[in-house]
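Structural overview
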Amino acid sequence: GGVDSTSVACMVYSMCRLVVTAVEERDSTVLKDVRRIVQDDKYTPKSAPEFAGRILTTCYMATSNSSQATRERAANLAKLIGSRHMVVNIDCVVASIVGSVSEVCGTKPRFAVHGGSQQQNLALQNIQARSRMVLSYAMAQLSPSSAGHSGSLLVLGTANVDEALRGYYTKFDCSAADINPIGGISKTDLRLFLQYCVENFNMASVLEAIIEAPPTAELEPITAEYTQTDEADMGMTYHELSVFGRLRKIHRYGPVSMFAKLAEIWPSTRSLSLVQVAQKVKHFFTCYAINRHKMTTLTPSYHAEGYSPDDNRYDLRQFLYNVRWPWQFRQIDKLVENDGVIT
């Protein structure tokens, strides 16, 4: 029901459109590949939604923290593109794991909104995320046979490059997959891609609500006073993340050089003080250092950005840093005191 998973589904749907067009133009090679994939020597796709129904399975894995809005958006999208859609409630799986942990540790973890610690809050979110990964692979192996087909499916990841750069995802969670079509694409560009689908695939009735919805993991309870959002969790916006990513990877900036660069731009374009710019740069590099180890396990992806943090194939920097950045942060503080002037 969010921009990331929707973008992946729309990419597959767009591919289905291209395949159907090629078959209609009597491309025998494409038709041969289609029949090999669906394991039916007589099959000919009639339309993109019909073909998507043969090769794409979507699944909404709900918990008590999931909203009705995202559930409906996911169902509406699946209906539009023709995917085989399933809804699974994973509360029983999560409760089983929480129960086992509680028995061993002697205390039951609670969400922050219920009085739990930050560590308990994160642990409960991670249990949900990792449970979805296990179920994704189980369903990829078993769902084809339930539809009368043989073989198994590939699991598609749905984590964008900005989340990887910031480390805003759970290691070995539902971002762990066989291939991640959007692993090298920024959130900003994914929104532009969905806008392209609106304009070219007649999908406005479904996609506009998804594009406008605030990004949220929906891993914490929703209350009258609190609704979890990605940007609040990260302490930065997706636009800021894109800027940080390009400066870090493409221009190879560290904390000091990045602050010096942004100190020239953000005070005038965003009305930020040097202190605020310094706080944002420090926060990014602290998160970057803490989460850099996650980059060693990223799912292989299509690289559409020059700042992919994929450690195995793209970014060969070290993955262990001093998260305090003592020397660098002291230099930033000196620059703030000197109004951004390097002496």
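Residues numbered from 1 in each chain as written. Predicted model: local features only at pLDDT ≥ 70, side-chain atom pairs only at ≥ 80, totals over all residues. Heavy atoms only, no water.

When helices and strands are tallied, the protein shows 14 helices and 4 strands. Compactness check: the protein gives a C-alpha radius of gyration of 22 Å against a globular reference of 20 Å for 343 residues, within 12% of the reference. By its C-alpha atoms, the protein is 75 × 55 × 35 Å across when sized along the principal axes. Within the span of the protein, comprising 343 residues, buried residues form 46% of the whole. Within the protein, contacts between residues at least 6 apart in sequence are counted, and of these 67% link residues at least 24 apart. Counting every atom, the protein has about 17500 Å² of accessible surface; 54% of that belongs to carbon and sulfur. (Helix = DSSP H or I, 4+ residues; strand = E, 2+ residues; numbered from the N terminus. Rg over C-alpha atoms; globule rule 2.2 N^0.38 Å. Buried < 20%, exposed > 50% of the residue type's maximum accessible area, 1.4 Å probe, protein only. Contact = heavy atoms within 4.5 Å. Areas by Shrake-Rupley, 256 points an atom, 1.4 Å probe, with all protein chains shown as cover.)

Before going further, it helps to examine the nonpolar core. The tendency in soluble globular proteins is for nonpolar side chains to be buried side by side. Core analysis: the largest hydrophobic core is formed by 31 residues, its most contacted members being Cys-10, Leu-77, Leu-194, Met-203 and Leu-207. Elements represented by at least two residues in this core include exactly α1 (3-24), α2 (28-38), α3 (48-55), α4 (68-81), α8 (187-201) and α9 (204-212). Not counting residues up to four positions away in its chain, the partners in contact with Leu-194 are Val-3, Thr-6, Ser-7, Cys-10, Leu-207, Ile-210 and Ile-211. (Core = buried A, V, L, I, M, F, W, Y, C linked by side-chain atoms within 4.5 Å.)

A word on the packing of aromatic side chains. By the definition in use, this model includes 11 aromatic pairs. A ring pair is formed by Phe-285 and Trp-325, whose centres lie 5.3 Å apart and whose planes are at 75°; its orientation type is edge-to-face. Taken together, the residues span a long stretch of sequence, with Phe-285 in helix α13 (residues 274-291) and Trp-325 in the loop between β4 (301-303) and α14 (326-337) at a distance of 40 residues. By the burial criterion, Phe-285 is buried, and Trp-325 matches it. Each member of the aromatic cluster is reached from another via a ring pair, and the members are Phe-244, Trp-266, Phe-284, Phe-285, Tyr-288, Tyr-321 and Trp-325. Between Arg-270 and the ring centre of Trp-266, over which it is positioned, the NZ or CZ distance is 4.7 Å. (Phe/Tyr/Trp six-rings, centres within 6.5 Å; stacked < 30°, edge-to-face > 60°. Lys NZ or Arg CZ within 6 Å of the ring centre and 35° of its normal.)

Let's shift gears to the side chain of Glu-220. Tracing the chain through its elements places Glu-220 in the loop between α9 and α10 (230-234). Looking at Glu-220, its side chain comes within polar contact range of the side chain of Asn-121, at 3.1 Å. In contact with Glu-220, other than residues within four places in its own chain, are Asn-65, Phe-111, Asn-121, Gln-125, Tyr-226, Gln-228 and Asp-233. (Polar contact = N/O pair within 3.5 Å; in protein donor to acceptor, adjacent residues only side chain to side chain.)

Here the focus is unusual backbone geometry. Positive phi, close to 65°, is recorded for Phe-172, a residue that is not glycine. Tracing the chain through its elements places Phe-172 in the loop between α7 (161-166) and β3 (180-184). Classification of Phe-172 as partly exposed rests on a relative accessible area of 46%. Of note in the backbone geometry, Ser-271 takes a positive phi value of approximately 55° without being a glycine. Relative to the helices and strands, Ser-271 resides in the loop between α12 (255-269) and α13. A relative accessible area of 64% means that Ser-271 is categorised as exposed.

Between helix α5 (residues 91-105) and helix α6 (residues 118-146), the least distance of the axes is 10 Å, while the angle of their chain directions is 125°. With respect to their mutual orientation, α5 and α6 come out oblique. Between α5 and α6 lies a crossing of right-handed hand. In this structure, α5 contributes Val-93, Val-94, Ile-97 and Val-98 to the contact, and α6 contributes Leu-124, Ile-127, Gln-128, Ser-131 and Leu-135. (Axes fitted to C-alpha atoms, helices over the stretch in contact; angles between N-to-C directions. Parallel < 35°, antiparallel > 145°, perpendicular 65-115°, else oblique. Left-handed = near helix turned anticlockwise from the far one by under 90°.)

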